[in-house]
Amino acid sequence: TNNNYFSCLNTCDLMGGAEKKELIRVARKYEKVHDPSLREFELRNPAELLVSSSNFAQLKRHRMNTLIPQDYNPALGNTIPPSIIRCGLDGEFVGIVEKTNALYDKMLAGEDTRPAANYILTNSHRRLALLDANNRQIHAIGKERKNLYAQWDIRNTVNELVRLEQKRN
């Protein structure tokens, strides 16, 4: 689904016990004895992040946490670098994104081209991702990504993540 995490969680809250058991049964349907549990079962208190492709590529380098992405979704918009806006190129940038989205939709419609559709998207296209990490991991990510040498997009995301964690604690 393209629904966000909290919408899905609310749907589960509305389910009865039998429906919840059926959901778990379907989730584990093909699991064998020695298979690891789904990563979704690791989640305790995740943060849902709206990240660009470029941002996600940097975020996934921090491997000591649980990171579960959804597919890229052009409906979530794009992250436009401030430098593009400052230079007055945002109109041209948006025009390229619109052409990209049209080709993406065309590729999704074709059976042969569907598997390659994500490759046409730009680094600015967004996806939702769940990140669950303990305080030590958040601190380590923050140390590396909040500094001035970090790329602006990941720095903004990590600043927000750290702010949310501080609010929780």
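Residues numbered from 1 in each chain as written. Predicted model: local features only at pLDDT ≥ 70, side-chain atom pairs only at ≥ 80, totals over all residues. Heavy atoms only, no water.

Caption draft 1: Just the environment of Ile84, in detail. In this structure, Ile84 sits in helix α4 (residues 82-86). Distance from Ile84 to Tyr72, taken between C-alpha atoms, is 22 Å for residues 12 residues apart in sequence. Beyond its immediate sequence surroundings of up to four residues, Ile84 is in contact with Leu89, Asp90 and Phe93. (Helix = DSSP H or I, 4+ residues; strand = E, 2+ residues; numbered from the N terminus. Contact = heavy atoms within 4.5 Å.)

Caption draft 2: Expanded view of the confidence of the model for the protein chain. Mean pLDDT over the protein chain stands at 92; residues scoring 70 or higher make up 100%. Mean pLDDT values for the elements of the protein chain range from 90 in helix α6 (residues 135-145) up to 97 in helix α5 (residues 90-109). (pLDDT = per-residue confidence, 0-100.)

Caption draft 3: Highlighting the environment of Val162. On the secondary structure map, Val162 appears in helix α7 (residues 152-168). The class of Val162 is buried, set by a relative accessible area of 12%. Residues Val162 and Asn135, 27 residues apart in the sequence, show an inter-C-alpha distance of 9.4 Å. Ignoring any residue separated from it by four or fewer positions in sequence, one finds Val162 in contact with Ile138, Gly142 and Lys146. (Buried < 20%, exposed > 50% of the residue type's maximum accessible area, 1.4 Å probe, protein only.)

Caption draft 4: Spatial organisation of the side chain of Gln70. Tracing the chain through its elements places Gln70 in the loop between β2 (66-69) and α4. A distance of 2.7 Å separates the side chain of Gln70 from the backbone oxygen of Asn3, its partner in a polar contact. (Polar contact = N/O pair within 3.5 Å; in protein donor to acceptor, adjacent residues only side chain to side chain.)

Caption draft 5: Representation of the sheet that holds strand β1 (residues 47-52) in the model. Ordered by their spatial adjacency, 3 strands build an open sheet running β1-β3-β2, and the pairing between neighbours is antiparallel. The open sheet has two edge strands, β1 and β2, and neither has a second partner. Taken over all neighbouring pairs, the strand axes of this sheet differ in orientation by 30° on average, direction set aside. Seen against the sheet, α7 touches β1 and β3 (126-132) and runs at an angle of roughly 170° to β1. (Pairing = 2+ DSSP bridges. Axes fitted to C-alpha atoms, helices over the stretch in contact; angles between N-to-C directions.)

Caption draft 6: Seen up close, the packing of α6 against α7. It is the contact of α6 with α7, at a shortest axis distance of 10 Å, that shows an interaxial angle of 145°. Of the two elements, α6 crosses α7, and the hand of that crossing is left-handed. Each of Asn135, Ile138, Ile141, Gly142 and Arg145 in α6 lies in contact with α7, whose residues at this interface are Ile154, Arg155, Val158, Leu161, Val162 and Glu165. (Left-handed = near helix turned anticlockwise from the far one by under 90°.)

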